[in-house]
Amino acid sequence: QVQLVESGGGLVQPGGSLRLSCAASGSIFRIYAMAWYRQAPGKQRELVATITRDGNTDYADSVKGRFTISRDSAKNTVYLQMNNLKPEDTANYYCNADLRNRDGIRADDYWGQGTQVVVSS
């Protein structure tokens, strides 16, 4: 089995910063990509940022220039540095992984339990 565990959410004022972490563990052979999604109340889940095995990154237009995704491959951990946070960034943030497990099966539907981010004064 594979587990993704997020941490780092919380309450922050507009303009503030937070750093989210997501650690993947378990029966992992190779991680191809990891991503952060978010879901605000009453809205669909949306892709925030992705990072591939090669280190290529991509961002939603709404977070470009404010958020940075990075990874520590040795720790199977991905981070999301969020700066200049806005009230519209308020959401539950979920980690996602595209990986091959030790049984040789590749799948991209591994999810963490989510961590809440609230941006409010």
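Before reading on, note that the structure itself is shown above.
1. Describing the layout of surface pockets
By volume, the largest pocket is sized at about 210 Å³. Contributing to the lining of the largest pocket are 15 residues, with Ile31, Arg53, Arg71, Ser73 and Asn76 lying nearest its centre. Listed by contribution, the elements that provide at least two residues to the lining of the largest pocket are strand 4 (28–39), strand 5 (46–52) and strand 7 (67–72). By residue number, the principal contributor to the lining of the largest pocket is strand 4, which donates seven residues. Here the residues of the lining of the largest pocket sort into seven nonpolar, four polar and four charged.

2. Digging into the packing of aromatic side chains
Under the criterion given, the structure shown has one aromatic pair. Taking the centre distance of 4.9 Å and the plane angle of 65 degrees together, the rings of Tyr37 and Trp111 count as edge-to-face. Separated by 74 residues along the polypeptide, Tyr37 in strand 4 and Trp111 in strand 10 (residues 106–111) bring together distant segments of the chain. Looking at Tyr37, the relative accessible area reads 21%, which means it is partly exposed. Over the face of the ring belonging to Trp111 we find Arg45, whose NZ or CZ atom lies 4.7 Å from the ring centre. The side chain of Arg106 reaches across the aromatic face of Tyr32, ending 3.6 Å from its centre.

3. Some points on the side chain of Thr77
Here Thr77 shows up in strand 8 (residues 77–82). By relative accessible area, which is 8% here, Thr77 ends up buried. A polar contact is formed between the side chain of Thr77 and the backbone oxygen of Lys75, at a distance of 2.9 Å.

4. Things to note about the pattern of salt bridges
Opposite charge on two side chains makes pairing possible when the charged atoms of those side chains draw close. This structure, assessed with the given rule, holds five salt bridges. Taking the shortest distance from any N to any O, the salt bridge between Asp61 and Lys64 comes out at 3.2 Å. Its salt-bridge partner being Asp98, residue Arg106 comes within 2.9 Å of it at the nearest N-O pair. Here the salt bridges share partners, and the residues they tie into one network are Arg38, Glu46, Arg66 and Asp89.

Cut-offs applied
Residues numbered from 1 in each chain as written. Predicted model: local features only at pLDDT ≥ 70, side-chain atom pairs only at ≥ 80, totals over all residues. Heavy atoms only, no water. 1 Å grid on protein atoms, 1.4 Å probe; cavity = no way out; pocket = protein on both sides within 12 Å on 5 of 7 lines; lining within 4 Å. Points joined across faces, edges and corners; volume = space filled by probe spheres on them. Helix = DSSP H or I, 4+ residues; strand = E, 2+ residues; numbered from the N terminus. Nonpolar A, V, L, I, M, F, W, Y, C, P; charged D, E, K, R; others polar. Phe/Tyr/Trp six-rings, centres within 6.5 Å; stacked < 30°, edge-to-face > 60°. Buried < 20%, exposed > 50% of the residue type's maximum accessible area, 1.4 Å probe, protein only. Lys NZ or Arg CZ within 6 Å of the ring centre and 35° of its normal. Polar contact = N/O pair within 3.5 Å; in protein donor to acceptor, adjacent residues only side chain to side chain. Salt bridge = Lys/Arg side-chain N within 4 Å of Asp/Glu carboxyl O.

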